[in-house]
Amino acid sequence: GPPRTWTPTETGFVASVAGLAAMAAAWASGDSLTVRRMAHQLRGAGSGYGFPAVTDAAANVEAALVACAGHPPEAELESIRARVEALAAVCRRAA
């Protein structure tokens with residue numbers, strides 16, 4: 001069939017999700033403040049574009065990083081990493 005036409009809302013959301021590689025790189029380099037900022041942006045984008053699963057996953061990442069003031073203790077790293085990966089997976093499915 002013909003190629004799918006994206007609505008402006010979908011295009012805007014996909015542009016927001018395009019930052020996932022940057023978020024993964026920030027996490028890998030230990031830049032949790034950037035990850036927190038990006039999760040906050042994705043939370044807003046998910047809400048604004050009608051993707052509640054993205055909003056929830058982003059809120060989970062943001063809350064975990066706010067709770068530790070952006071400096072996760074070693075014991076929390078695996079849990080937060082799993083939240084970041086879950087957020088990325090939900091965003092990819094939504095886009």
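Going by the structure above, here's the rest.
The text that follows walks through the structure, step by step, so that each part is easy to find. (Residues numbered from 1 in each chain as written. Predicted model: local features only at pLDDT ≥ 70, side-chain atom pairs only at ≥ 80, totals over all residues. Heavy atoms only, no water.)

Tallying secondary structure elements over the protein gives five helices and zero strands in all. Taken from the N to the C terminus, the helices and strands of the protein come in the order α-α-α-α-α. Counting across all 95 residues of the protein, residues that qualify as buried make up 34%. A sequence separation of at least 24 residues applies to 61% of the contacts in the protein between residues at least 6 apart. When the accessible surface of the protein is totalled, it reaches about 5,400 Å², and 59% of it is carbon and sulfur. (Helix = DSSP H or I, 4+ residues; strand = E, 2+ residues; numbered from the N terminus. Buried < 20%, exposed > 50% of the residue type's maximum accessible area, 1.4 Å probe, protein only. Contact = heavy atoms within 4.5 Å. Areas by Shrake-Rupley, 256 points an atom, 1.4 Å probe, with all protein chains shown as cover.)

Residues of helix α2 (residues 20-28) that are buried include every one of L20, M23, A26 and W27, and no others. All buried residues of α2 project into a common sector of 120° when viewed along the axis, lining one side. Facing away from the buried surface of α2 by more than 90 degrees, the exposed residues are A21 and A28. (Arc of directions from axis to C-beta.)

What follows deals with the side chain of T34. For T34, the location among the structural elements is in helix α3 (residues 32-48). A distance of 2.6 Å separates polar atoms of two side chains, one belonging to T34 and the other to D31. (Polar contact = N/O pair within 3.5 Å; in protein donor to acceptor, adjacent residues only side chain to side chain.)

Right, let's get into the nonpolar core. Counting 21 residues, the largest nonpolar core has M23, V35 and L87 as its most contacted members. Those elements that provide at least two residues to this core are α2, α3, α4 (52-67) and α5 (74-94). Sequence-distant contacts of M23, that is, excluding residues within four places in its chain, are made with V35, M38, A39, L42, V84 and L87. (Core = buried A, V, L, I, M, F, W, Y, C linked by side-chain atoms within 4.5 Å.)

Bringing the pattern of salt bridges into the picture now. Under the definition given, this model contains three salt bridges. A salt bridge links R43 to E62; its shortest N-O distance comes to 2.5 Å. With R43 in helix α3 and E62 in helix α4, this pair connects stretches of sequence that are 19 residues apart. E78 is the partner of R81 in a salt bridge, and the nearest nitrogen-oxygen pair spans 2.1 Å. Here E78 and R81 lie together in helix α5, a separation of three residues that amounts to about one turn. (Salt bridge = Lys/Arg side-chain N within 4 Å of Asp/Glu carboxyl O.)

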